[in-house]
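Observations on the three-dimensional arrangement
Here is how the chains run, residue by residue.
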Amino acid sequence: ITRQAVQLGFLPRIYVVHTSAREIGQIYIPSINWTLCAAVVLAVVGFGSSSRLAGAYGVAVTATMMVDTLLTFFVIRYAWRYPLWLCLAATGFFLIIDVAFFSATLLKIADGGWFPLVVGAVVLAMMSTWRRGREHLFSRLRASSVPLEDFLKSLFLEPPVRVPGTAVFLTATPDATPHALLHNLNHNKVLHERVVFLTVEVRDVPWVSFEERVTCERMGHGCWMVRIRFGFMNRPDVMRALEVCGALGLEFDMMQTSFFLSRQQVVPATGGPSTMWRWRERMFAAMARNAGNITDYFNIPTNRVIELGTRIEI
């Protein structure tokens, strides 16, 4: 669940260990396991006995049952396409029972039922903050960037020195010029013979077929636009996806390829209007600083990566 939340953009990148070469979902996430271990130890020590944990357990179980019933409605209505009256009748029947159980356990909030509610509120705050912060971050990047097509037109009116090799610029905003490209031109004054703008998208579907996973588009002057799409249950593997580009006319020699990444240093805004509360800005900045390495997450060779930093206020 945590891994899928990361790929859907509700949590920052987290180090994931794949423990099986045959089962894609068989994974181990050290940070989550140790967090759960600490939470269990603190709960046991804090409550002192299993009887005092009964209130917390009851609220957690009944609330989970109620949420599952609500989610069932969306599955049978929008995924299985059952008639609306049948969906309302089926889920409504069970929802009445679940609400009765949940309302009964609310009497135990003072006796430990507050614990799962607090944990759920903290997780919800983190996930919503990360989602909202990313949206705000991308809007700031678009606002401060030059449209890619216009930039390339002006660039090749007086083209810079071209050097051998392929430069791959990872960007989350394909219509905007990557900051890494601007920094590279500003500091190194050169442009590679072949330039690839690479965007990795994670869709709100479990799987993306191989036929839809990679698209390549020529932009002229040795420039390409490549889009790689994954489902939230796919393992993001950029290197394997780039192998498909060969059949689309874009061959990669990894010994002649460099990956340029824009590493954003997110800091809370010091003044002026803000789209998020200050505590959420600080939380998002802290989560961004502690996000996992993008090269490991996308399976990009670390010895072929060049990171260029950008400071962004939110």
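Report follows, based on the coordinates.

**Some points on the pattern of salt bridges**
Summed over the entire model, instances satisfying the criterion amount to 6 salt bridges. For E201, the salt bridge goes to R227, with nearest N and O atoms at 3.1 Å. Here E201, found in strand β4 (residues 190–203), pairs with R227, found in strand β6 (residues 223–231); they are 26 residues apart in sequence, far enough to count as distant. Using a relative accessible area of 23% as the deciding quantity, one classes R227 as partly exposed. The partner of E212 in a salt bridge is R203, and the shortest N-O contact between them spans 3.9 Å.

**A look at the nonpolar core**
By size, the foremost hydrophobic cluster in this structure holds 28 residues, and its most contacted members are L170, V226, I228 and F259. Counting only elements with at least two residues in this core, the list comes to α1 (2–7), β3 (161–170), β4, β6, α9 (238–243), β7 (257–267) and α11 (294–297). Excluding its chain neighbours within four sequence positions, the residues that come into contact with F259 are V168, L170, M239, L242, M254, I300, R304, V305 and I306. Counting residues in each nonpolar core, the second largest holds 16 residues, with L155, L181, L191 and F197 among its members.

**Let's talk about the packing of helix α5 (residues 114–144) against helix α10 (residues 278–289)**
Running from N to C, α5 and α10 cross one another at 85°; their axes reach a closest spacing of 9 Å. If you check the angle between α5 and α10, you find them roughly perpendicular. On α10, the residues that touch A125, M126, S128, T129, W130, R132, G133, R134 and L137 of α5 are W279, R280, M283, F284, M287 and A288.

**A look at the pairing of β4**
Sheet topology places β3 next to β4; 8 bridges connect them, and they run parallel. Across the sheet, residue V163 finds its bridge partner in β4, namely H192. Relative to β6, β4 runs parallel, the two being bridged by 9 bridges. Paired with V196 across the strands is W224, a residue of β6.

**Some points on a nonpolar patch on the surface**
There is a patch of nonpolar side chains on the surface, built from Y57, V61, M65, F93, F94, I97 and F101 and spanning about 710 Å² of accessible area. At the level of secondary structure, the elements contributing two or more residues to the nonpolar patch comprise α3 (54–79) and α4 (84–105). Sort the elements by how many residues they give to the nonpolar patch and α4 lands first, with 4 residues. With respect to the element layout, I97 can be found in helix α4.

**Brief notes about α5**
Between the first and last C-alpha of α5 there are 44 Å, a value that for 31 residues agrees with the 45 Å anticipated at 1.5 Å per step. All of the buried residues in α5 are A125, T129, W130, G133, H136, L137, F138 and L141. Looking at the packing, one finds that the buried side of α5 touches α7 (179–188), β7, α10 and β8 (305–313).

**With respect to the environment of R240**
With respect to the helices and strands, R240 occurs in helix α9. Separated by 18 residues in sequence, R240 and G222 place their C-alpha atoms 22 Å apart.

**Remarks on the sheet that holds β7**
In a beta sheet, neighbouring strands pair by backbone hydrogen bonds and run either parallel or antiparallel. A sheet is described by the order of its strands in space; here 6 strands give the open sequence β5-β6-β4-β3-β7-β8, paired in mixed fashion. Edge strands, defined here as strands with exactly one partner in the open sheet, are β5 (214–220) and β8. Ignoring which end each strand starts from, the neighbouring axes of this sheet average 25° apart. Examined bridge by bridge, β3 and β7 share 4 bridges and lie parallel to one another. Bridged to T166 within β7 is T257. With respect to the sheet, helix α6 (residues 148–155) is in contact with β4, β5 and β6, its orientation differing from that of β4 by roughly 175°.

**Some words on the packing of aromatic side chains**
All chains considered together, the criterion is met by 12 aromatic pairs. Where F74 meets Y78, the ring centres are 6.1 Å apart and the plane angle is 20°; that geometry is what we call stacked. Here the residue F74 and the residue Y78 both occupy positions in helix α3, the gap between them amounting to 4 residues, near one helical turn. A relative accessible area of 46% means that F74 is categorised as partly exposed. Taking 5.2 Å as the distance between ring centres and 75° as the angle between the ring planes, the aromatic pair formed by F93 and F94 counts as edge-to-face. Each residue in the set F47, W114 and F115 is aromatic and connected to the rest through ring pairs, giving one cluster. The cationic tip of R131 hangs over the ring face of F10; the distance from NZ or CZ to the ring centre is 4.5 Å. Taking the ring centre of F252 as reference, the NZ or CZ of R194 above it sits at 5.5 Å.

The rules behind these values
Residues numbered from 1 in each chain as written. Predicted model: local features only at pLDDT ≥ 70, side-chain atom pairs only at ≥ 80, totals over all residues. Heavy atoms only, no water. Salt bridge = Lys/Arg side-chain N within 4 Å of Asp/Glu carboxyl O. Helix = DSSP H or I, 4+ residues; strand = E, 2+ residues; numbered from the N terminus. Buried < 20%, exposed > 50% of the residue type's maximum accessible area, 1.4 Å probe, protein only. Core = buried A, V, L, I, M, F, W, Y, C linked by side-chain atoms within 4.5 Å. Contact = heavy atoms within 4.5 Å. Axes fitted to C-alpha atoms, helices over the stretch in contact; angles between N-to-C directions. Parallel < 35°, antiparallel > 145°, perpendicular 65-115°, else oblique. Pairing = 2+ DSSP bridges. Patch = residues over 30% accessible without salt bridge, like charges linked within 9 Å, V, L, I, M, F, W, Y side chains within 5 Å. Areas by Shrake-Rupley, 256 points an atom, 1.4 Å probe, with all protein chains shown as cover. Expected span 1.5 Å × (residues − 1). Phe/Tyr/Trp six-rings, centres within 6.5 Å; stacked < 30°, edge-to-face > 60°. Lys NZ or Arg CZ within 6 Å of the ring centre and 35° of its normal.

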